[in-house]
Number of protein chains: 2
Amino acid sequence: MSSAEVLASVDIVALRLNPGHGLELLLIRRAQEPFAGQWALPGVLVNGRSADHSLDDAAVRALRDKARLEPAYIEQVATVGNAVRDPRGWSLSVFYLVLVGPDTRVEDDDLDFVPLRDVRSERFALPFDHAQLVQQACERLASKSVYSALPLFLLAPRFTVAEALKAFECAIGQEVQHSSLRGRLERMKEAGWVEDTGERQRPPMGRPQHVLHFTPKPGGAFVFDRSLLAS
Amino acid sequence: MSSAEVLASVDIVALRLNPGHGLELLLIRRAQEPFAGQWALPGVLVNGRSADHSLDDAAVRALRDKARLEPAYIEQVATVGNAVRDPRGWSLSVFYLVLVGPDTRVEDDDLDFVPLRDVRSERFALPFDHAQLVQQACERLASKSVYSALPLFLLAPRFTVAEALKAFECAIGQEVQHSSLRGRLERMKEAGWVEDTGERQRPPMGRPQHVLHFTPKPGGAFVFDRSLLAS
DNA sequence: ATAATAGTGTCTCTCAGACAGTATAGC
DNA sequence: GCTATACTGTCTGAGAGACACTATTAT
């Protein structure tokens, strides 16, 4: 029976928006072999002994146990499996995209958020095929961000248009017209996803900005019927 | 080591378009326990002994070995895993959406295409959580069909607008304006995905129809920048 | 001629893109 | 006053929805 089974893990690609430096990726220093001591994606093994009711539960548990983080958004991206990705043999990884708020902090020395740019430019090497998992998760984020309000999960519940613009641009990797975003936020107001708090926030210079409030609803992000950057 | 591993399978939700009866689902009569003799999704176990280089290879192999079918389109949908879906214990299933051409036939007595409606209406019960996998795969097909040309993979390479319309309507589950579809096909012609063969086909009644030709390109279906049925 | 099906044309509406113009803050 | 940032308004164009109209076949 044992030979009919396979090594399987759940791995997390958790992203945080740093207003100054763009997107950052949560990494953990591995405690066990293989690759002990190296920075890698947080994850857990799943098997019959797991207390988890489901894979999604395992993903949330991984995030909670390893990093004491609660996801603002979580979505299964895909599963990779082959004979070479893990030195221990044929293995599977079900990996998740997680978005957390910008004020998320980690206190542990074995945890850190590092600039996504460094990871994707190969200047920060990851073990296993984790770089590829990050790549796929980011592509998912980018492709969904052109037709949904997914990047809002990278913000605090109270946010400004400028912050939302930054989140969309980082998620998509391209400049976005603020007037297009305003139109979309207007439509979200009508649908009850976003409301104007009436308050203002003063930037260091210039006119004060409206403070909006984002209320997530179960079932994922708000979906628009057109794509951004369609030209 | 054995207890760190888990039972994992790849399951296939393969769909065929029957012009008269809508979408049909490929089922296989299970040869082994559990649920031996019952109709279920075709699938294979994946583990260290598999010859497969990757999960996607395993999916194609499952389809080829069990049903002697080649996919016109294949896409990983998701992975489900929990303690209750298989009586043998905690297990994983990576499941795929597969589209095949309308002239696809199966000769084996242990293989059959059955109306998708029967499966989804619970009139045709499936073992494990296969009904749920079918449901998720169909949702994926429907949601992608509103902004891409995915349903064209349900057609023969040479097709008519009427056939394409039927494919879109079955995939989405809603009526589609033929003029919208014509516009989309026009854009695909400009992009080199579709060409007018110049030939005509005579229906039993009415004006002859243009015969178009669909040339798939690697990397999935053609993507439009708007959604159908956005009202 | 009539029915049936294929295909074209037209009008409206929504919304992204682009960018000009206005408003409100600090200095 | 000047600059920086926030916000509004206007114009354009693409494309979906709806539907009328024309075209081409069989009977």
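Before any of the text, the structure's been laid out above.
Residues numbered from 1 in each chain as written. Chains lettered and ligands numbered in written order. Predicted model: local features only at pLDDT ≥ 70, side-chain atom pairs only at ≥ 80, totals over all residues. Heavy atoms only, no water.

### A word on the protein's contact with DNA strand D
Taken together, the neighbourhood of DNA strand D is formed by 26 residues, with A:Gln209, A:His210, B:Ser180, B:Arg226 and B:Leu229 sitting nearest. At 2.5 Å from a phosphate oxygen of DNA strand D is found a side-chain nitrogen or oxygen belonging to A:Gln209. B:Gly206 places a polar main-chain atom, nitrogen or oxygen, 3.4 Å from a base oxygen of DNA strand D. Looking at the surface near DNA strand D, the elements with two or more residues in it are α5 (178–190) and β10 (209–214) of chain A together with α5 (178–190) of chain B. When grouped by side-chain class, the residues that make up the surface near DNA strand D number nine nonpolar, nine polar and eight charged. (Near = heavy atom within 4 Å. Polar contact = N/O pair within 3.5 Å; in protein donor to acceptor, adjacent residues only side chain to side chain. Helix = DSSP H or I, 4+ residues; strand = E, 2+ residues; numbered from the N terminus. Nonpolar A, V, L, I, M, F, W, Y, C, P; charged D, E, K, R; others polar.)

### Comments concerning the relation of the copies chain B and chain A
Note on the copies: chain B fits chain A at an RMSD of 0.0 Å, the axial shift is 0.0 Å, and the rotation between them is 180°. The superposition operator between the copies reduces to a two-fold rotation axis. For chain B, the smallest separation between a C-alpha atom and the rotation axis is recorded for B:Arg226, amounting to 2.2 Å. Most of the interface of chain B is mirrored in chain A, where 97% of its interface residues are also at the interface. (Least-squares fit on C-alpha atoms with pLDDT ≥ 70 in both. Contact = heavy atoms within 4.5 Å.)

### Side note on the side chain of A:Ser9
Residue and element names in this part refer to chain A. As for its placement among the helices and strands, Ser9 is situated in strand β1 (residues 5–18). The buried category is assigned to Ser9, whose relative accessible area is 12%. Reaching out from Ser9, the side chain makes a polar contact with the side chain of Asp11 at a distance of 3.2 Å. Not counting the four nearest positions on each side in its chain, Ser9 is found in contact with Val44, Leu45, Val46, Leu92, Ser93 and Val94. (Buried < 20%, exposed > 50% of the residue type's maximum accessible area, 1.4 Å probe, protein only.)

### Focus on the sheet that holds strand β8 (residues 158–159) of chain A
The pairing of strands in a sheet happens through backbone hydrogen bonds and is either parallel or antiparallel. All names here are of chain A. Strands sit in the order β8-β10-β9 across an open sheet of three strands; the sheet is antiparallel. Taken across any chain shown, the strands that pair with only one partner, and hence form the sheet edges, are β8 and β9 (194–201). Judged from the five bridges that link them, β9 and β10 form a sheet pairing that is antiparallel. Each residue of the ladder has a partner; that of Asp196, found in β10, is Leu212. Together, β8, β9 and β10 form the strand contacts of α5, whose direction differs from that of β9 by roughly 120°. (Pairing = 2+ DSSP bridges. Axes fitted to C-alpha atoms, helices over the stretch in contact; angles between N-to-C directions.)

### Remarks on the pattern of salt bridges
Residues and elements named next belong to chain A. Enumeration according to the criterion identifies 24 salt bridges over all chains in this entry. In this structure, the salt-bridge partner of Arg61 is Asp65, at a minimum N-O distance of 3.9 Å. In this pair, Arg61 and Asp65 both sit in helix α1 (residues 55–67), four residues apart, roughly one turn of the helix. Looking at Arg61, the relative accessible area reads 24%, which means it is partly exposed. For Lys189, the salt bridge identified is with Glu186, shortest N-O distance 3.6 Å. Of the two residues, Lys189 and Glu186 both sit in helix α5, three residues apart, roughly one turn of that helix. (Salt bridge = Lys/Arg side-chain N within 4 Å of Asp/Glu carboxyl O.)

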